[in-house]
Amino acid sequence: MSYNILSQELLQDNVYLYRHCHPGVLPWSHRLPNLLAEIQQHDADILCLQEVQEDHYENQIKPALQALGYQCEFKKRTGSKPDGCAVVFKASRLSLLSSNPVEYFRPGDALLDRDNVALVLLLRPVDEATTCSDPSAFICVANTHLLYNPRRGDIKLAQLAILLAEIGRLSRPTDGAANPVVLCGDFNSTPQSPLYHFLTTGCLDYRGLQSSLVSGQEGSPRGQRVLTSPLWSHSLGINPQCQYENKEPAKPSSSSPTAVEGAISKLTVQDLATKAAFAVASNQARIEHSLKLRSSYQHRLQPDGRPEITTCHSRTAMTVDYILYTPEFPAPPSRPGGRGLQLLGRLSLVGQLEMEDVDGLPNRYHSSDHLPLLARYRLRL
């Protein structure tokens, strides 16, 4: 499940977005029991939650979920922001290999100056029916909430590059075989947007693209800022393929002056080559990634083809939340069967008309301005 549960402090700071709501559905005392009941009803093995307010998490949400058998991991946004991302999972079904917080804020970087975060977990099934003898096999689960600002698509893409680099690093063990990935979150971008296209096709040519068009959030985008190449600074250490650059210097075989001199020479050549490759790729105004992600949803209601809705309040009704996954990969000769995820089903979403019929979100029964997404997979390790 992926679910933006609407931080109470953010609700109160933006109360104008909820002027359509009956006042009685907005207090946390009303919303929390509804949210917990919804989570318990769907009974997912893994929950990726966004806008989780830290004090509510520590004092109420985490204890309640632990009582349901979940193990909880949390990453608060940087700075003074009150909320963050949580990934929780059933301890009876999965064991935690590692929990990896990701911060997009980079001191001194004029582009990466926002407090958004992500959380990436490596999980191994413990259920006897899915136990795998391969010690390097696991599932990589990532959860994020990208910047909202519709005009700053440049920041969103840079944040995404950091997350994709981290997922790429963590999802591939030393043998180089890719493990299945589930990427959840509120991406503040629509299914028709260049950002979504980048996620699901693995490439984006952004030459001449306006920053305000990257996320597709506005019908009439404001601002004429055009994305410049490179999108992010070389000092970030991430190349246009959204991979970490290898910055580890070669170790000399001995302490002799010749060996040390050779190591320095190799490091200099490698460093120059890396910078040159970055410059060439950047000049192409193109970014790529190799995760081969697919959306769990079709983003259109069947059979009428109307757009699905994942969020709705006084100003908008659109899809910005996703559960992306890596489908089953072709099996290499050395590992019959391959690794990956097969989508078996998903919880249906609704359209804008249905939202209007229930007076939008939040309402008496649904206590966030987002709807939960839920997908079921067969996992092959």
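About the cut-offs
Residues numbered from 1 in each chain as written. Predicted model: local features only at pLDDT ≥ 70, side-chain atom pairs only at ≥ 80, totals over all residues. Heavy atoms only, no water. Helix = DSSP H or I, 4+ residues; strand = E, 2+ residues; numbered from the N terminus. Buried < 20%, exposed > 50% of the residue type's maximum accessible area, 1.4 Å probe, protein only. Contact = heavy atoms within 4.5 Å. Areas by Shrake-Rupley, 256 points an atom, 1.4 Å probe, with all protein chains shown as cover. Pairing = 2+ DSSP bridges. Expected span 1.5 Å × (residues − 1). Bend = angle between axes of the 7 residues up to and from the residue. Patch = residues over 30% accessible without salt bridge, like charges linked within 9 Å, V, L, I, M, F, W, Y side chains within 5 Å. Salt bridge = Lys/Arg side-chain N within 4 Å of Asp/Glu carboxyl O. Lys, Arg positive; Asp, Glu negative; His and termini not counted. Charge placed at Lys NZ, Arg CZ, Asp CG, Glu CD.

A. Quick peek at the overall build of the chain. Across its full length, the chain carries 7 helices and 16 strands. The burial tally for the chain puts 50% of its 381 residues in the buried class. Looking at the chain alone, contacts between residues at least 24 apart form 72% of all its contacts between residues at least 6 apart. Taken as a whole, the chain presents about 17,700 Å² of accessible surface, with 51% of it coming from carbon and sulfur.

B. Highlighting the environment of methionine 318. The topology assignment puts methionine 318 in strand S13 (residues 317-318). On the accessibility criterion, methionine 318 (17% relative accessible area) is buried. Taking the C-alpha atoms as reference, methionine 318 lies 9.7 Å from asparagine 188; in sequence the two are 130 residues apart. Residues in contact with methionine 318, not counting those within four places in the same chain, are Thr190, Gln217, Glu308, Ile309, Thr310 and Thr311.

C. Main features of the sheet that holds strand S14 (residues 321-325). Spatial ordering of the open sheet is given by S5-S6-S7-S8-S14-S11, a layout of 6 strands whose pairing is mixed. The open sheet is flanked by strand S5 (94-103) and strand S11 (294-295), the only strands paired with a single partner. The sheet contact formed by strand S7 (residues 139-145) and strand S8 (residues 181-186) spans 6 bridges and is parallel. Considered in S8, the bridge of cysteine 140 is made with valine 181.

D. Spatial organisation of helix H3 (residues 54-67). Taking 1.5 Å of rise per residue, the 14 residues of H3 would be expected to cover 20 Å, and the 18 Å separating its terminal C-alpha atoms lies within 8% of that figure. Of all the bends found along H3, the most pronounced is centred on isoleucine 61 and spans about 40°, while proline 63, a proline, follows it within four residues. Burial in H3 covers these residues: His56, Tyr57, Ile61 and Leu65. Looking at the buried positions of H3, the neighbouring elements they touch are helix H1 (8-13), helix H2 (28-42), strand S2 (46-53), strand S3 (70-76) and strand S4 (83-90). At the exit of H3 stands glycine 69, carrying a positive phi of roughly 95°.

E. Up close: the environment of alanine 375. Within the fold, alanine 375 resides in strand S16 (residues 375-380). Here alanine 375 falls in the buried class, since its relative accessible area comes to 18%. Beyond its immediate chain neighbours, meaning those up to four positions away, alanine 375 contacts Ser296, Ile323, Leu343, Gly345 and Arg346.

F. Inspection of a negative patch on the surface at higher detail. On the surface, a cluster of negative charge is contributed by Glu9, Asp13, Glu54, Asp55 and Glu58. For the negative patch, the elements supplying multiple residues, two or more each, are H1 and H3. Since its relative accessible area comes to 41%, glutamate 58 is described here as partly exposed.

G. Quick peek at unusual backbone geometry. In this structure, proline 230 follows serine 229 across a cis peptide bond, with omega equal to 0°. With respect to the secondary-structure elements, proline 230 resides in the loop between strand S9 (203-205) and helix H6 (257-283). Residue proline 303 is reached from glutamine 302 by a cis peptide bond, and omega for that bond is 5°. Examined against the element boundaries, proline 303 turns out to sit in the loop between S11 and strand S12 (311-312). One non-glycine residue with positive phi stands out, namely aspartate 359, at about 65°. Summarising the element assignment, aspartate 359 is placed in the loop between helix H7 (352-357) and S16. Note on aspartate 359: relative accessible area 55%, which makes it exposed.

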